[in-house]
Amino acid sequence: MSLATAGDSLEKSVSPLVNSSCIACHDADTDTRLNFENLSNDLTDPAVFRQWEQVFDYVTTGEMPPKSEPRPDSDHLTEALAKLKDSLKAESLAQQQANGRVPSRRLTRLEYAYTVRDLLEIDEGGFADDLAEMLPPESDSGGFDTVGTTQRTSPLHIESWLRAADYALNTAINLGPRPVSTRRVVDFRNAPYLSTFNKRSLTNGGSNLKKLDDAVAMFLDLDYVLRSDHCGLTIETAGYYRITFDAYAYQADRPMTLKLVQANPKKVGPDLLGAFDLVPYQPRTIKVTTFMRPGDYLYPTVHVANGNTWSGLSAAGGADNYKGEGIAVKKMFVEGPLVDQWPPASTEVLLSEVDSSQSPLKRVTDVVTRIAPRAFGRPLHANELESFVNLARPGIDEGRELSDVIRSPIRSVLSSPQFLFFGGEPGKLDDFALANRLSYFLWKSMPDEELFQLAQDGQLSDQRVMGQQVERMLDDPQSTRFVRDFVGQWLRLYDINATTPDMKLYPEFDGLLSDSISKETELFFAELIQEDLSAANLIDSNFTFANRRLAEHYRLPSVQGQEMRKVSLPPGSVRGGILGQASILKLTSNGTFTSPVKRGAYVLTRLLGDVPNPPPPNVGSIEPDTRGATTIRETLSKHKDLETCARCHRKIDPPGFALEGFDAIGGFRTHYRVASDKPFARYKQGPVVDSSGVTAEGENFPGIRGYKQVLLKHTEQVARQLTEQLIVYATGGEIQFADHDEISRIVNETRANGYPVRSIIHQVVQSSIMRNK
């Protein structure tokens, strides 16, 4: 069918519906985003295609025409939607066949870091994070950084890739003598620094430690008190170190929490190595192994939750007379660097797996022959090997060592387009491209030897073999990379620390709670995958993950210890599903107050895949009254007087109101906290929280529990959203109209078993969308 014929056919089928039900509100004289009088039928124009696609979506879901308007003639509606769907699908398929559905994309900085680490077998804690930090941040499009159309590539990226490659090679090649492991003692109690420090007044940071017969007791959560570098420990050689020490709860009748922290003056922010509960009258041995670099230091400190220890110390005249609870720490033993293999595996990969009796050129050729195909995820093309090897010739001619001459070709490999970009022709992926897509989906890195060999043998096209690989990869610890990155971007968990809670309103928020809430959501989603649980658990569940600190925040009984573990929720708990998790509730707040609009838009966008339209121009933001004179609900009721606002707010506000039962740090509340007008006071109780509402479909709910029951009726919509997000993340291409039938097939295939998450991942991998460029 010619373009003119296709346009005429579309116009003939759709015009009766447009003229009878649409044109009155969507012509040149009305203020809307759509004007049918000027809308072309040329679907090859991307802008025109998008508008007709929106028309199809709105009419199909019943959002248009508005319920206040007469219903369209059923015959006109059926014919118009059928023809419009056929036309949109035909054009979308034509574009995919001509160009492929996925544009060329590059490795994200996280993918680059993991791939280099795995390729060179660099066993160094934090290396991948350090390498990723050397690359420019990904642009935030609101979606996934794997999507090619939203990625940026600039001269800064090229410069950064070269610098990162040099850093990786410097880290990988170690030809010096084997490091000598020693066992050193950090005697906090008898350190000269401690004696000098403790002579200072409390207001000057001193007098908060107490010397005991066998230990030193501390009562405040401070980062400068028991620093190992102030007590004689200097780290001079990078490597893994084993830290061991005994500690016990001091003057306490309840469990106390000790935190072990690692820091470096050159690094922004410390790393929490672990939190450990100490039971009264039962000394505990703390054992931790961590990677340390020159300049790193350690410090144990006490976790103080929602207390005023400083004023107690001050009233007692210092630690010696203080009768409050604390933690006592004995000597710390630090053993390392721990060396299991020397030279390390990374050096073996680059230098030692070659025949030293061969010519230098042949040795370089052997190294590149082994590394480049793994880096590119495919066999080398003609002349590729020679082009990389030739980079080593000048160094070979100068008689330089292999450790020097190998750097140029491997540096070039790690900064080459073949390594950095996913390309390919439109159509079905070959086994190597399929292996790459699968591996970067579930492991954020290149295919391992087994996957690469299967691709080489042409077996990945076999659905049974592919299913076995998905099982193997999901069961591998490397799949935690996928879980963290997917949840971090889909649910915006990476933004968890974008705001800091107001400590006057939320004094109970602390570092240990902050560290726990992100882990809860990651572990929760990992459990859905591991146990193949229903996507309905995203809405509501009878379990979550918590440690003692998070359980206290949630008021869950009988959770001991600071290790995150799966816990059952009592019947009727508000905590089931992601909407009751503090991570989601914190990141949808601004640290001071909660916004039903922000939270409602989050639920629609992230969980239901129903992205609200942006607000009309010149509509101001909604600022709550932090003094509590006016509730946010009252403010919103005035904001919705305009019909242009009310149309969207009918959908946005209900989930936002349901979540008003949670404060800005995810605590459950019955009253708002408002700023106190008294000096030095933190907060006072404000108005009663009303978390009831009515959905856009007219269903009433009394609060979050009732809203979840309403939402469970839309489990299929949640499963579809999850499926779409997995496809976008895995392929690097946004959902297109031609994809809808395959997505519906996946949803239908998993419906009978309640849309289990692991099964959805299997279906995504086996889909025609995954297997085609």
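Residues numbered from 1 in each chain as written. Predicted model: local features only at pLDDT ≥ 70, side-chain atom pairs only at ≥ 80, totals over all residues. Heavy atoms only, no water.

Caption draft 1: Spatial organisation of the overall build of the chain. Scanning the chain for helices and strands turns up 29 helices and 17 strands. Expected size for 773 residues packed as a compact globule is a radius of gyration near 28 Å; at 30 Å, the chain falls within 12% of this value. For the chain, the spread of C-alpha atoms along the principal axes amounts to about 90 × 80 × 45 Å. Burial status across the chain gives 51% buried among its 773 residues. Of all intrachain contacts in the chain linking residues separated by at least 6 positions in sequence, the fraction that spans at least 24 positions is 73%. (Helix = DSSP H or I, 4+ residues; strand = E, 2+ residues; numbered from the N terminus. Rg over C-alpha atoms; globule rule 2.2 N^0.38 Å. Buried < 20%, exposed > 50% of the residue type's maximum accessible area, 1.4 Å probe, protein only. Contact = heavy atoms within 4.5 Å.)

Caption draft 2: Region of the structure containing the packing of aromatic side chains. All told, the structure shown has 25 aromatic pairs when counted by the stated rule. Both rings, one in F219 and one in Y250, keep their centres 6.2 Å apart while their planes meet at 55 degrees; by these two values the pair is tilted. Placement of F219 in the loop between strand 4 (216-218) and strand 5 (239-250) and of Y250 in strand 5 is noted, with a sequence separation of 31 residues between them. Y250 matches F219 in its accessibility class, with the two residues each being buried. Among the aromatic residues, those joined into a ring-pair cluster are F144, F441, F482, F486, W490, F525 and Y729. For R481, the ring lying beneath its charged end belongs to Y114, and the centroid distance is 4.1 Å. Sitting over the ring of F543, K566 keeps its end group 4.5 Å from the ring centre. (Phe/Tyr/Trp six-rings, centres within 6.5 Å; stacked < 30°, edge-to-face > 60°. Lys NZ or Arg CZ within 6 Å of the ring centre and 35° of its normal.)

Caption draft 3: Geometry of the packing of helix 16 (residues 431-442) against helix 18 (residues 463-475). The geometry of helix 16 relative to helix 18 is characterised by a closest axis approach of 10 Å and an angle of 25 degrees between their N-to-C directions. Judged on the interaxial angle alone, helix 18 and helix 16 are roughly parallel. Relative to helix 18, the crossing made by helix 16 is right-handed. Every residue of helix 18 that contacts helix 16 at L434, L438, S439 and L442 is listed here: M466, Q469, V470, M473 and L474. When the residues that make up the contact of helix 16 with helix 18 are grouped by side-chain class, the tally is seven nonpolar, two polar and no charged. (Axes fitted to C-alpha atoms, helices over the stretch in contact; angles between N-to-C directions. Parallel < 35°, antiparallel > 145°, perpendicular 65-115°, else oblique. Left-handed = near helix turned anticlockwise from the far one by under 90°. Nonpolar A, V, L, I, M, F, W, Y, C, P; charged D, E, K, R; others polar.)

Caption draft 4: Just unusual backbone geometry, in detail. At the junction of G336 and P337, the peptide bond is cis and its omega measures out at 0 degrees in the coordinates. You can see P337 is positioned in strand 10 (residues 326-338). Cis geometry marks the peptide bond from W342 to P343; its omega dihedral reads -5 degrees. Of note, P343 is situated in the loop between strand 10 and helix 9 (345-352). In this model, Q251 sits at a positive phi of 55 degrees, which is unusual for a non-glycine residue. A positive phi angle is found at Y281, which is not glycine, with a value near 65 degrees. Mapping Y281 onto the fold places it in the loop between strand 7 (271-278) and strand 8 (284-292). Given the relative accessible area of 71%, Y281 is considered exposed.

Caption draft 5: Here's a closer look at the environment of F482. With respect to the helices and strands, F482 occurs in helix 19 (residues 479-490). Taking the C-alpha atoms as reference points, F482 and V288, separated by 194 residues in sequence, lie 26 Å from one another. Excluding anything up to four places from it in sequence, F482 contacts F441, L442, K444, V487, I529, L726, Y729 and I761.

Caption draft 6: Spatial organisation of the nonpolar core. If you look at the biggest cluster of nonpolar residues, it comprises 92 residues, and the most contacted ones within it are F441, L442, F482, F525, L538, L722 and I761. If you tally residues by element for this core, the top one is helix 27 (residues 715-731), at eight residues. (Core = buried A, V, L, I, M, F, W, Y, C linked by side-chain atoms within 4.5 Å.)

Caption draft 7: Inspection of helix 6 (residues 155-172) at higher detail. With 18 residues, helix 6 extends 26 Å between its outermost C-alpha atoms, agreeing within 8% with the 26 Å of an ideal straight helix rising 1.5 Å per residue. If you check which residues of helix 6 are buried, you get H157, S160, W161, A164, A165, A168, L169, T171 and A172. (Expected span 1.5 Å × (residues − 1).)

Caption draft 8: Quick peek at empty space enclosed by the protein. Taken as a whole, this structure holds four cavities of 30 Å³ or more when the rule is applied. Here the second largest cavity defines a volume of roughly 60 Å³. If you go around the second largest cavity, the residues you meet are V14, L17, V18, C22, F36, W52, V55, F56, V59, A80, L81 and L84. In terms of residues, the lining of the second largest cavity owes the most to one element, helix 2 (residues 46-61), which gives four residues. In terms of residue class, the lining of the second largest cavity is built from twelve nonpolar, no polar and no charged. (1 Å grid on protein atoms, 1.4 Å probe; cavity = no way out; pocket = protein on both sides within 12 Å on 5 of 7 lines; lining within 4 Å. Points joined across faces, edges and corners; volume = space filled by probe spheres on them.)

Caption draft 9: Fine view of the pattern of salt bridges. All chains considered together, the criterion is met by 43 salt bridges. The salt bridge involving D130 is made with R293; its shortest N-O contact spans 2.7 Å. Pair noted here: D130 is in helix 5 (residues 127-133) and R293 is in the loop between strand 8 and strand 9 (297-303), with a separation of 163 residues, a long-range link. The partly exposed category is assigned to D130, whose relative accessible area is 25%. (Salt bridge = Lys/Arg side-chain N within 4 Å of Asp/Glu carboxyl O.)

Caption draft 10: Highlighting the side chain of E724. Here E724 shows up in helix 27. With no salt bridge to any partner, buried E724 finds its closest opposite charge in R720, at an N-O distance of 4.5 Å. (Lys, Arg positive; Asp, Glu negative; His and termini not counted.)

Caption draft 11: The arrangement of the pairing of strand 6 (residues 256-263) in detail. Among the eight residues in strand 6, eight count as buried, and that is most of the element. Note: strand 6 against strand 7, seven bridges, orientation antiparallel. Note that in strand 7 the partner of L258 across the bridge is F276. One ladder, built from seven bridges, connects strand 6 with strand 9; its direction is antiparallel. Bridge pairing in strand 9 links L260 to P300. (Pairing = 2+ DSSP bridges.)

Caption draft 12: Broad picture of the sheet that holds strand 6. Strand order across the open sheet formed by three strands is 7-6-9, with antiparallel pairing between neighbours. With one partner strand each, in any of the chains shown, strand 7 and strand 9 form the two edges of the open sheet. Averaged over all neighbouring strand pairs, the angle between strand axes comes to 20 degrees, with direction disregarded.

Caption draft 13: Structural view of the confidence of the model for the chain. Of all residues in the chain, 91% attain a pLDDT of 70 or more, and the chain-wide mean is 90. Within the model, the stretch residues 1-5 combines pLDDT values under 50 with three contacts to residues more than four positions away or in other chains. (pLDDT = per-residue confidence, 0-100.)

Caption draft 14: Molecular detail of helix 4 (residues 109-120). Counted at 1.5 Å a residue, the expected span for helix 4 with its twelve residues is 16 Å, and the 17 Å between its end C-alpha atoms agrees. Burial of helix 4 is extensive: ten of the twelve residues sit out of reach of the surface. Just downstream of helix 4, E121 is the residue with a positive phi angle, here 55 degrees.

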